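# Examination of the molecular architecture
Residue strings, one per chain:
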Amino acid sequence: MADEKLWDEVSASGTASSVQLSSFLDSVQDLPSFVRFIDALREDREDADCKEAARPAGPYSSGWNGWENGSIANFLEASVAWATTWTDDSRGDAAHLAADNPWKAAARILYAGKHYE
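Report on the accompanying structure. Counting restarts for each chain: residues are numbered from 1 in the order of the written sequence. The predicted nature of this model means local features are confined to residues of pLDDT at least 70 and side-chain atom pairs, given and counted, to a pLDDT of 80 or more, with totals for whole chains, interfaces and linings taken over all residues. To obtain the side-chain values, all non-hydrogen atoms of the structure were included, while hydrogens and water were left out.

## Points about the overall build of the protein chain
Helix numbering and strand numbering both begin at the N terminus, where a helix is a DSSP run of H or I of at least 4 residues and a strand a DSSP run of E of at least 2. Assigned secondary structure in the protein chain consists of five helices and zero strands. Along the chain direction, N to C, the helices and strands of the protein chain fall in the order α-α-α-α-α. Residues counted as buried form 32% of the 117 residues belonging to the protein chain. The contact criterion used is simple: two residues touch if any of their non-hydrogen atoms lie within 4.5 Å. Of all intrachain contacts in the protein chain linking residues separated by at least 6 positions in sequence, the fraction that spans at least 24 positions is 64%. Surface exposure of the protein chain reaches about 7100 Å², of which carbon and sulfur atoms provide 58%. We call a residue buried when its accessible area falls under 20% of the maximum for its residue type, exposed when it is over 50%, and partly exposed in between, using a 1.4 Å probe and counting protein chains only. Values of accessible area rely on a 1.4 Å probe in the Shrake-Rupley scheme; residue burial ignores everything except the protein chains shown.

If you want it as structure tokens, here you go:
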């Protein structure tokens, strides 16, 4: 029962985080809004780290606030993997990513590093 409650809380934190970060992502259009997005992503990670320190999410969860990648190396690797999938894979839609302004495309790539495995 305790594990199920924890999983529900971790899942809810991921949903709330996604809603909040999506708002910042949607507003990216230039350098200042891109920097605001990066700062929101940083704050989201700090919040996840605080939650993890207080109450570990456990091995069967994506982590607090939906974070899959805890180290900067894993985060950047996932960002690159996601972008490569979008641009090189027939499943991806490179035109969609390329159609975004460059600031939003960069923000999308960074955002993907949070949750892409």
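## Some points on the side chain of K114
Following the sequence through the fold, K114 ends up in helix α5 (residues 102-115). Separated by 3.0 Å, the side chains of K114 and D44 make a polar contact. When sequence neighbours within four positions are dropped, the list of residues in contact with K114 reads S17, L21, L41, D44, N65, G66, W67, E68, N69 and F75. Between N or O atoms, a polar contact is any pair within 3.5 Å; within protein, one atom must be a potential hydrogen donor and the other a potential acceptor, and residues adjacent in sequence are included only when both atoms are from side chains.

## Here we look at the nonpolar core
F37, L41, W64, A107 and Y111 are the most contacted members of the largest nonpolar core, which has 16 residues in total. Looking at this core, the elements with two or more residues in it are α1 (2-26), α2 (31-54) and α5. Examining the composition of this core, we find that five residues originate from one element, α2, more than from any other. With near-sequence residues (within four places) excluded, L41 lies in contact with L21, W67, F75, L110, Y111 and K114. The next biggest cluster of nonpolar side chains, apart from the first, holds five residues, and it includes W82, A83, L97 and A112. As used here, the term nonpolar core means buried Ala, Val, Leu, Ile, Met, Phe, Trp, Tyr and Cys residues forming a set that is joined through side-chain atoms within 4.5 Å.

## A few points about the packing of aromatic side chains
Aromatic rings from Phe, Tyr and Trp, with only the six-membered ring used for Trp, were paired whenever their centres fell within 6.5 Å, and each pair was classed as stacked if the ring planes differed by under 30 degrees, edge-to-face if by over 60, and tilted otherwise. Going through the model one piece at a time under the given rule, you end up with three aromatic pairs. Consider the rings of F34 and W103, whose centres lie 5.4 Å apart with planes at 45°: the pair is tilted. With a gap of 69 residues between them, F34 in helix α2 and W103 in helix α5 connect regions that are remote in the sequence. With relative accessibility at 11%, the residue F34 sits in the buried group. A relative accessible area of 33% places W103 in the partly exposed class.

## So, α5
An α-helical turn contains 3.6 residues, so a residue and the one three or four places further along point in the same direction. Here α5 contains 14 residues, and its C-alpha end-to-end distance of 21 Å stays within 8% of the 20 Å for a straight helix at 1.5 Å per residue. Taken residue by residue, α5 has K104, A105, A107, Y111, A112, G113 and K114 as its buried positions. The span expected for a helix works out to 1.5 Å for each residue beyond the first.

## Section: the pattern of salt bridges
By salt bridge we mean one thing: a side-chain nitrogen of Lys or Arg within 4 Å of a carboxyl oxygen of Asp or Glu. In the structure shown here, the tally under the stated rule is eight salt bridges. K5 is the salt-bridge partner of E9, the closest N and O atoms lying 3.9 Å from each other. Note that E9 and K5 are positioned in helix α1 at a spacing of four residues, about one turn of the helix. Here E9 falls in the partly exposed class, since its relative accessible area comes to 28%.

Geometry only, nothing functional implied.
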